[in-house]
Amino acid sequence: MFKTLREDVATIFENDPAARSTLEVVLTYSGLHAVWGHRMAHAFYKRKFYFIARIISQISRFFTGIEIHPGAKIGRRFFIDHGMGVVVGETCEIGNDVTLYQGVTLGGTGKEKGKRHPTLEDNVLVATGAKVLGSITIGANSKIGAGSVVLKAVPPNATVVGIPGKIVIQDGIKVQSKQKLDHQNIPDPVEERCSTLEQRIEELQQQIGQCKKEM
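Notes on the structure in this doc start here. What you are looking at is a predicted structure, and each value in this text was computed from that prediction instead of being measured.

### Looking at the overall build of the protein
Thought 1: The helix and strand tally for the protein stands at 5 helices and 16 strands.
Thought 2: The globule rule puts the C-alpha radius of gyration for 215 residues at 17 Å, and the 21 Å found for the protein is more than 25% above it.
Thought 3: Along the three orthogonal principal directions, the C-alpha set of the protein runs to about 80 × 45 × 35 Å.
Thought 4: Burial status across the protein gives 35% buried among its 215 residues.
Thought 5: Here the protein displays about 13,400 Å² of accessible surface, and carbon together with sulfur accounts for 57% of that area.
Thought 6: Charged side chains of the protein number 27 positive and 22 negative; the gap between the two group centres comes to 6 Å.

### Topic: the nonpolar core
Thought 1: Membership of the largest hydrophobic core comes to 28 residues, with the highest contact counts inside it found for I68, F78, V88, L100, L106, V126 and I138.
Thought 2: Counting residues per element, the ones that place at least two in this core are α3 (30-46) and β14 (158-161).
Thought 3: Sequence-distant contacts of I68, that is, excluding residues within four places in its chain, are made with A34, H38, S57, I74, F78, I80 and V88.
Thought 4: Ranked by size, the runner-up nonpolar core spans 7 residues in total, among them V9, A19, V25 and L32.

### A word on the layout of surface pockets
Where empty space is left can be seen by rolling a probe of water-molecule size over the atoms.
Thought 1: Taken as a whole, the largest pocket holds about 320 Å³ of empty space.
Thought 2: Taken together, 13 residues line the largest pocket, and the ones lying closest to its centre are M1, W36, R39, M40 and A43.
Thought 3: For the lining of the largest pocket, the secondary structure elements donating two or more residues are α1 (2-15) and α3.
Thought 4: By residue number, the principal contributor to the lining of the largest pocket is α3, which donates 7 residues.
Thought 5: Considered class by class, the residues forming the lining of the largest pocket number 7 nonpolar, 3 polar and 3 charged.

### Let's talk about helix α4 (residues 50-64)
Thought 1: Its 15 residues give α4 an end-to-end C-alpha distance of 21 Å, which sits within 8% of 21 Å, the value for a rise of 1.5 Å per residue.
Thought 2: Among the residues of α4, those classed as buried are A53, I56, S57, S60 and T64. Down the axis of α4, the buried set is contained in an arc of 95°. They therefore lie on one face. Seen from the buried face of α4, the exposed residues on the opposite side, beyond 90 degrees, are F51 and F62.
Thought 3: Against α3 and β1 (67-68) lie the buried residues of α4.
Thought 4: Positive phi appears at G65, one or two residues downstream of α4, with a value of about 75°.

### Regarding the pattern of salt bridges
Thought 1: This model, assessed by the stated rule, comprises 8 salt bridges.
Thought 2: A salt bridge links R116 to E90; the nearest nitrogen and oxygen atoms lie 2.6 Å apart. With R116 in the loop between β7 (105-107) and β8 (119-120) and E90 in the loop between β4 (87-88) and β5 (93-94), the pair connects residues that are 26 residues apart, well separated along the chain.
Thought 3: For R116, a relative accessible area of 26% translates into the label partly exposed.

Rules and cut-offs
Residues numbered from 1 in each chain as written. Predicted model: local features only at pLDDT ≥ 70, side-chain atom pairs only at ≥ 80, totals over all residues. Heavy atoms only, no water. Helix = DSSP H or I, 4+ residues; strand = E, 2+ residues; numbered from the N terminus. Rg over C-alpha atoms; globule rule 2.2 N^0.38 Å. Buried < 20%, exposed > 50% of the residue type's maximum accessible area, 1.4 Å probe, protein only. Areas by Shrake-Rupley, 256 points an atom, 1.4 Å probe, with all protein chains shown as cover. Lys, Arg positive; Asp, Glu negative; His and termini not counted. Charge placed at Lys NZ, Arg CZ, Asp CG, Glu CD. Core = buried A, V, L, I, M, F, W, Y, C linked by side-chain atoms within 4.5 Å. Contact = heavy atoms within 4.5 Å. 1 Å grid on protein atoms, 1.4 Å probe; cavity = no way out; pocket = protein on both sides within 12 Å on 5 of 7 lines; lining within 4 Å. Points joined across faces, edges and corners; volume = space filled by probe spheres on them. Nonpolar A, V, L, I, M, F, W, Y, C, P; charged D, E, K, R; others polar. Expected span 1.5 Å × (residues − 1). Arc of directions from axis to C-beta. Salt bridge = Lys/Arg side-chain N within 4 Å of Asp/Glu carboxyl O.

In structure tokens, the structure reads:
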């Protein structure tokens, strides 16, 4: 156990150039506190002490702003940078040397049962605000760009960006796409839905007005 705790601290020094001392890391890094809280909660969860596990995870969430379900399986050298708003679902499986940035969600779509959260293989990086949803696998050494929404499996050694996520680099080679991805004009599904509703409301108003005239 102590070897794992020391390894978690060493991982921060390897990934964060702002880390100055072990004391500073242990006392002030919320990502480290969340990982340690999860390791404790997961130990109780495996022994079927589910209530205690959830209490520990909720206390950790309160103090760190990071929500990791105690049922999630997390490997070695897991690094959460900044971390505020990170959510990791119950059936997530995370390999070794995985990095998550703030605002990342590893969640479900609400449709599956059983295994309903993502699997991240070794050395995966998920950038700020990205959402990886559903029982899909993100292959080893892959990178998920900031703000991306990933709903389909990603092969190893790939870079994914956009909404919905599209592979733009595979095995170090840029992937040619028939439709050029414009990073400055990535579609907003919420805005598109609102525009559709506004258009439909306008059509209904016109129909009501026509009915009133006929009456």
